[in-house]
Amino acid sequence: MSGVKELGYVVYEVGDLADWEHFAVELLGMQFGEKTDGGFTLRTDEKAHRWIVTAGPADDLVATGYEVSDAAALDALVEKLRAAGVEVTEGDDALAAARKVERIFVTADPMGNRVELVTGLADAATPFESAKLLGRFVTGAGGAGHQVLLAHGVPRETYLRFYIDLLGFKVSDVIVEELAPGVVADLIFLHCNGRHHTVAFGDLPSPKRTHHFMAEVTDIRDVGLAFDRCMDAGRPFEMTLGMHPNDHMFSFYVFTPSGFSVEYGWGGLVIDDETWEVRTLDRLHSWGHRPPGVVAELLAAAPATSGEGDR
Ligand SMILES: [Fe+2]
């Protein structure tokens, strides 16, 4: 098996480091990892880092690190990519040290997203500790989480050739929903381990590389508490609480200080390739996930209750 095993880490280039630190640590409950030359790192488990946040103008995803099981598998994967005509370069010691990995190769997907193929993402020297969470983040064999990337007009068969034929991902399902007359959302979800999807792709109206990163927690109360913290802090939400019909994630979407979103969720489906059947669904949300403006209008339009003075 020479394919990708799991999502190891993501690298974001952001304009406001201080706001990002507050957002990730105080609101999402991540652990500050360490200061780096250009920014800082964030932990969500025993690993040295899962998010690498670096100062810069992109306000977007600038690299994704995928872990491969061992050195032999990494060599085989690099060989396969090169045989298919994909340019792959070996990262130097400085890059390996910055990413805290044993070995690293760098390539790009057909959309131009930088992809880092690594082995041996290091553990941190101290146990994971969140000042905010009652439970913990769901990582382990399912990797750091999942992300949705923008296709930006690149044909589906082109990026699937890279992610499925070369990196070894498998299709989980497809969702095609007509959001408004003539406006169709069409997303394809891919997995490389039991997590329902590690990456998904679609043409969404966004100039960014990434639409969202999903961080999953073990305790449903942490979704509610993070929702309250983000609301109390006046953060803009993309979608309020709801659930997806394919991975069953109970979640909300809040905008990061960089303008793409974090999905903060609980209860994501773990799938088994032996029994999994690929389906096409016709809706992105089984309930909820309504934009905050819609919720605000509905709540404001409801008649006032009679018992307000009793409380
Ligand atoms: Fe998601």
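Residues numbered from 1 in each chain as written. Predicted model: local features only at pLDDT ≥ 70, side-chain atom pairs only at ≥ 80, totals over all residues. Heavy atoms only, no water.

- Under an unreviewed UniProt entry, the name given to the chain is 2,3-dihydroxybiphenyl 1,2-dioxygenase, and the organism recorded is Nonomuraea pusilla.
- Its UniProt record gives the chain the following Sequence similarities (unreviewed entry) comment, quoted word for word: "Belongs to the extradiol ring-cleavage dioxygenase family."
- UniProt, in the comment section headed Cofactor (unreviewed entry), describes the chain in these words: "Fe(2+)". (UniProt positions renumbered as here; feature names shortened; annotations may be inferred.)

## Points about the sheet that holds strand β1 (residues 4-14)
Part 1 of the reasoning: As summarised here, the arrangement of the 8 strands in space is β2-β3-β4-β1-β5-β8-β7-β6, forming an open sheet in which the pairing is mixed. A strand with exactly one partner marks an edge of an open sheet, and here the two such strands are β2 (31-35) and β6 (89-90).
Part 2 of the reasoning: One ladder, built from 4 bridges, connects strand β3 (residues 39-43) with strand β4 (residues 51-55); its direction is antiparallel. Note on β4: the bridge partner recorded for T41 is I52.
Part 3 of the reasoning: The sheet strands contacting helix α1 (residues 17-27) are β1, β2, β3 and β4, and the helix crosses β3 at an angle near 10°. (Pairing = 2+ DSSP bridges. Helix = DSSP H or I, 4+ residues; strand = E, 2+ residues; numbered from the N terminus. Contact = heavy atoms within 4.5 Å. Axes fitted to C-alpha atoms, helices over the stretch in contact; angles between N-to-C directions.)

## Brief notes about empty space enclosed by the protein
The gaps left among the atoms become clear once a water-sized probe is rolled over them.
Part 1 of the reasoning: Taken as a whole, this structure holds 1 cavity of 30 Å³ or more when the rule is applied.
Part 2 of the reasoning: Taken as a whole, the largest cavity encloses approximately 30 Å³ of empty space.
Part 3 of the reasoning: M30, T44, W51, F137, V138, A144, F213, A215 and E216 are the residues that line the largest cavity.
Part 4 of the reasoning: Here the element with the most residues in the lining of the largest cavity is strand β13 (residues 210-217); it accounts for 3 residues.
Part 5 of the reasoning: Split into classes, the residues belonging to the lining of the largest cavity amount to 7 nonpolar, 1 polar and 1 charged. (1 Å grid on protein atoms, 1.4 Å probe; cavity = no way out; pocket = protein on both sides within 12 Å on 5 of 7 lines; lining within 4 Å. Points joined across faces, edges and corners; volume = space filled by probe spheres on them. Nonpolar A, V, L, I, M, F, W, Y, C, P; charged D, E, K, R; others polar.)

## Remarks on the packing of aromatic side chains
Part 1 of the reasoning: Across all of its chains, the model carries 20 aromatic pairs by this definition.
Part 2 of the reasoning: With centroids separated by 5.5 Å and ring planes inclined at 20°, the aromatic side chains of F32 and F40 adopt a geometry described as stacked.
Part 3 of the reasoning: With a relative accessible area of 27%, F32 lands in the partly exposed category.
Part 4 of the reasoning: Seen from their ring centres, F162 and Y163 are 5.0 Å apart, and the 80° between their planes marks the pair as edge-to-face. For the pair shown, F162 and Y163 are each scored as buried.
Part 5 of the reasoning: Put simply, the rings of Y12, W20, F23, W51, F213 and F260 touch in pairs and so form one group of aromatic residues. (Phe/Tyr/Trp six-rings, centres within 6.5 Å; stacked < 30°, edge-to-face > 60°. Buried < 20%, exposed > 50% of the residue type's maximum accessible area, 1.4 Å probe, protein only.)

## Looking at the side chain of E6
Part 1 of the reasoning: By secondary structure assignment, the location of E6 is in strand β1.
Part 2 of the reasoning: With relative accessibility at 6%, the residue E6 sits in the buried group.
Part 3 of the reasoning: E6 has contacts with R50, G65, Y66, E67, G140, A141, G143, C192 and N193, leaving out every residue within four places of it along the chain.

## Quick word on the coordination of the iron ion
Part 1 of the reasoning: Within the protein, the iron ion binds to H146 (NE2), H212 (NE2) and E263 (OE); these donor distances fall in the range 1.9 to 2.1 Å.
Part 2 of the reasoning: Sequence positions of the residues that donate to the iron ion give the spacing H-x65-H-x50-E. A residue pair is termed long-range when its members are at least 10 positions apart, and H146 in strand β9 (residues 146-150) and H212 in strand β13 qualify at 66 residues. Note on accessibility: H146 and H212 belong to one class, buried. (Donors = N, O, S within 2.8 Å, 3.2 Å for Na, K, Ca; no water.)

## Focus on the UniProt feature "domain: VOC" (unreviewed entry) in the chain
Part 1 of the reasoning: What UniProt calls "domain: VOC" (unreviewed entry) maps, in this numbering, to residues 6-120 and 143-267.
Part 2 of the reasoning: Between the end C-alpha atoms of residues 143-267 the distance is 15 Å, and the span holds 19% helix and 45% strand.

## Brief notes about the packing of helix α2 (residues 71-83) against helix α4 (residues 156-166)
Part 1 of the reasoning: Between α2 and α4, whose axes approach to 11 Å, the crossing angle comes to 145°. For the crossing formed where α2 meets α4, the hand is right-handed. In this structure, α2 uses L77, K80 and L81 to contact α4, whose residues at the interface are F162, D165 and L166. (Left-handed = near helix turned anticlockwise from the far one by under 90°.)

## Digging into unusual backbone geometry
Keep in mind that most residues, glycine aside, have a negative phi and that most peptide bonds are trans.
Part 1 of the reasoning: With a phi angle near 55°, K100 is a residue other than glycine that sits in the positive phi range.
Part 2 of the reasoning: Structurally, K100 is set in the loop between α3 (93-99) and β7 (103-108).

## Overview of the nonpolar core
Part 1 of the reasoning: Core analysis: the largest hydrophobic core is formed by 63 residues, its most contacted members being W51 and Y163.
Part 2 of the reasoning: Counting residues in hydrophobic clusters, the runner-up holds 11 residues, among them Y9, L95, I104 and L121. (Core = buried A, V, L, I, M, F, W, Y, C linked by side-chain atoms within 4.5 Å.)

## Considerations on the environment of E67
Part 1 of the reasoning: Within the secondary structure, E67 sits in strand β5 (residues 60-68).
Part 2 of the reasoning: Note: C-alpha distance between E67 and K35 (32 residues apart in sequence) is 23 Å.
Part 3 of the reasoning: In this structure, E67 is in contact with V4, K5, E6, G8, V118, T119, G120 and L121, ignoring residues within four places of it in sequence.

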